[in-house]
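What follows is each chain in one-letter form.
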Amino acid sequence: MTENRWKGGKPATPSPWKSRSPQAERPVAPAVPREEAEQDPPQRVIRPAGEMRLYGINACLAAFARRPGQLRKVYLLESRIAELKPVLAWCVKHRLGYRVVENIDLDKLTGSRHHEGICFEMVRPPALALADLLAAQPPAPDPSLLIWLDGVGNPHNLGALLRSAAHFAVAGVIVPKSSSLDLSGAAARVAEGGAEVVAMARIDDQQAAISSLRKAGYTITATVPRDGAGLYASRIAPRTVLVFGAEGEGMNKALIETADQRLTIPGSGIVESLNIAASAAVVLGEYWRQQHAH
């Protein structure tokens, strides 16, 4: 943070920011002494509706590469300037603010110490309706892989799953509209860019969604910790929706009973099951192997 300095016999207004903005901006935090500024962290400033903060170098660069027009502001450490010159040039050209800040400021802006020296304010991607997600898929019987998350709420698990989903070319993730699960800065950072390529769709009615998926040629495959067919001895349909439930409670029984197929990952039995992110990586890897074995 910048300390008070005197200029012309009068105290200059202190600022917690080193401004590199191409245009005049209102400060993110009030002009207060250092001690007060640290008690009033910048992340408490209300952002416009529909915007979110992304952080982590891979998450930010992936978002900028795919949708630069939705960038609204950039905060970065001085050590990141050389690496982010194309982004800063875009900011100058399009009259967007960017600011060089200290590490503690980014801690406050992101609510995390894992920001990797960068934070973008960007327009939040809109959640898709299931119909929109299905319309973007190749027609049956062409291969298409979707994931359905039931009861999952941890943003880090979501981020890890999105990273695996991007690696194995999953087309989209389906979540109930009532779920608290949503893309966040934490999830996007853990996804390492995967959040930008895997669409998320929300559903209102579980049975209506299953009906729509079946009409589109999908097999509904539930992953269960026990009593399912062994993953490596089973054939996963090329056009499949893989359903994963939360740890502990798991997915709701009605969804399990509705599934066309139930799969269990074999293991030693020393622990009951893998967490959702690890389970997803294993099952997605097997699906990929089956589709690309020849």
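Everything in this summary refers to the structure shown in the same document. Because the structure is predicted, anything quoted here is derived from the model rather than measured. (Residues numbered from 1 in each chain as written. Predicted model: local features only at pLDDT ≥ 70, side-chain atom pairs only at ≥ 80, totals over all residues. Heavy atoms only, no water.)

### Section: the overall build of the protein
Right, so step 1: When helices and strands are counted, the protein shows 10 helices and 15 strands.
Right, so step 2: When burial is assessed residue by residue, the protein has 47% of its 294 residues classed as buried.
Right, so step 3: Considering only contacts within the protein whose residues lie at least 6 apart along the sequence, 78% involve residues at least 24 apart.
Right, so step 4: Of the roughly 15000 Å² of accessible surface on the protein, a fraction of 52% belongs to carbon and sulfur atoms. (Helix = DSSP H or I, 4+ residues; strand = E, 2+ residues; numbered from the N terminus. Buried < 20%, exposed > 50% of the residue type's maximum accessible area, 1.4 Å probe, protein only. Contact = heavy atoms within 4.5 Å. Areas by Shrake-Rupley, 256 points an atom, 1.4 Å probe, with all protein chains shown as cover.)

### Observations regarding the environment of Pro 141
Right, so step 1: Looking at the element boundaries, Pro 141 is found in the loop between α5 (130–135) and β9 (144–150).
Right, so step 2: Measuring from C-alpha to C-alpha, the distance between Pro 141 and Gly 217 comes to 6.6 Å, with 76 residues separating the pair along the chain.

### Details of helix α10 (residues 276–292)
Right, so step 1: The terminal C-alpha atoms of α10, which comprises 17 residues, lie 24 Å apart, in line with the 24 Å expected from a rise of 1.5 Å per residue.
Right, so step 2: Turning to α10, its buried residues number three or more, namely Ile 276, Ala 277, Ser 279, Ala 280, Val 283, Leu 284, Gly 285, Glu 286, Tyr 287, Gln 290 and Gln 291.
Right, so step 3: Elements in contact with the buried residues of α10: β9, α6 (155–167), β12 (219–223) and β14 (239–245).
Right, so step 4: The opening residue of α10 is Asn 275, an N-cap whose side-chain oxygen sits 3.2 Å from the backbone nitrogen of Ala 277. (Expected span 1.5 Å × (residues − 1). Polar contact = N/O pair within 3.5 Å; in protein donor to acceptor, adjacent residues only side chain to side chain.)

### Examining unusual backbone geometry
Right, so step 1: Residue Ala 140 is joined to Pro 141 through a cis peptide bond whose omega torsion reads 5°.
Right, so step 2: Within the chain, Glu 116 stands out as a residue other than glycine whose phi angle is a positive 60°.
Right, so step 3: With respect to the element layout, Glu 116 can be found in the loop between α4 (103–110) and β7 (118–123).
Right, so step 4: When its relative accessible area of 30% is taken as the criterion, Glu 116 is described as partly exposed.
Right, so step 5: The backbone of Glu 192 shows a phi angle near 55°, a positive value even though the residue is not glycine.
Right, so step 6: On the accessibility criterion, Glu 192 (28% relative accessible area) is partly exposed.

### Section: the pairing of strand β4 (residues 51–55)
Right, so step 1: Summarising burial for β4: five of the five residues are buried, a large majority.
Right, so step 2: Going residue by residue along β4, you find Glu 51, Arg 53 and Tyr 55 tucked away on one face and Met 52 and Leu 54 tucked away on the opposite face as well.
Right, so step 3: Bridge count between β4 and β7: five bridges; the pairing is antiparallel. Its bridge partner lying in β7, Glu 51 is registered against Val 123. (Pairing = 2+ DSSP bridges.)

### Overview of the environment of Leu 130
Right, so step 1: Along the chain, Leu 130 turns up in helix α5.
Right, so step 2: By relative accessible area, which is 9% here, Leu 130 ends up buried.
Right, so step 3: Residues in contact with Leu 130, not counting those within four places in the same chain, are Ile 174, Ala 201, Arg 202, Ile 203, Ala 209, Ser 212 and Leu 213.

### Focus: the nonpolar core
Right, so step 1: Formed by 52 residues in total, the largest nonpolar core has its most connected members in Leu 71, Val 74, Leu 76, Phe 120, Ile 147, Leu 149 and Val 173.
Right, so step 2: Leaving out residues up to four positions away in the same chain, Leu 71 has contacts with Phe 64, Val 87, Trp 90, Cys 91, Leu 96, Phe 120, Glu 121 and Met 122.
Right, so step 3: With 22 residues, the next largest nonpolar core counts Trp 148, Ile 220, Leu 255 and Ile 256 among its residues. (Core = buried A, V, L, I, M, F, W, Y, C linked by side-chain atoms within 4.5 Å.)

### Let's talk about the packing of α6 against α10
Helix packing for two helices is described by the angle between their axes and how far apart those axes are.
Right, so step 1: As a packed pair, α6 and α10 sit with axes 8 Å apart at the nearest point and diverge in direction by 10°. Between α6 and α10, the crossing angle belongs to the class labelled roughly parallel. Contacts from Asn 157, Ala 160, Leu 161, Ser 164 and Ala 165 of α6 reach α10 at Ile 276, Ala 277, Ala 280, Ala 281 and Leu 284.
Right, so step 2: Residue classes in the contact of α6 with α10 are distributed as eight nonpolar, two polar and no charged. (Axes fitted to C-alpha atoms, helices over the stretch in contact; angles between N-to-C directions. Parallel < 35°, antiparallel > 145°, perpendicular 65-115°, else oblique. Nonpolar A, V, L, I, M, F, W, Y, C, P; charged D, E, K, R; others polar.)

### Description of the pairing of strand β10 (residues 172–176)
Right, so step 1: Counting buried residues along β10, five of its five residues qualify, which places the element largely inside the surrounding structure.
Right, so step 2: Covered by surrounding structure in β10 are Gly 172, Ile 174 and Pro 176 together with Val 173 and Val 175, the residues of both alternating faces.
Right, so step 3: With three bridges joining them, β9 and β10 adopt parallel strand pairing. Each residue of the ladder has a partner; that of Ile 147, found in β10, is Val 173.
Right, so step 4: Sheet analysis places β10 next to strand β11 (residues 199–203), joined by five bridges and oriented parallel. Of the residues in β11, the one forming a bridge with Val 173 is Met 200.

### Notes on the side chain of Glu 286
Right, so step 1: Relative to the assigned elements, Glu 286 resides in helix α10.
Right, so step 2: Residue classification places Glu 286 among the buried residues on the basis of a relative accessible area of 5%.
Right, so step 3: Of the polar contacts made by the side chain of Glu 286, one reaches the side chain of Gln 290; its length is 2.9 Å.
Right, so step 4: With sequence-adjacent residues up to four places away left out, Glu 286 is seen in contact with Leu 231, Tyr 232 and Ile 236.

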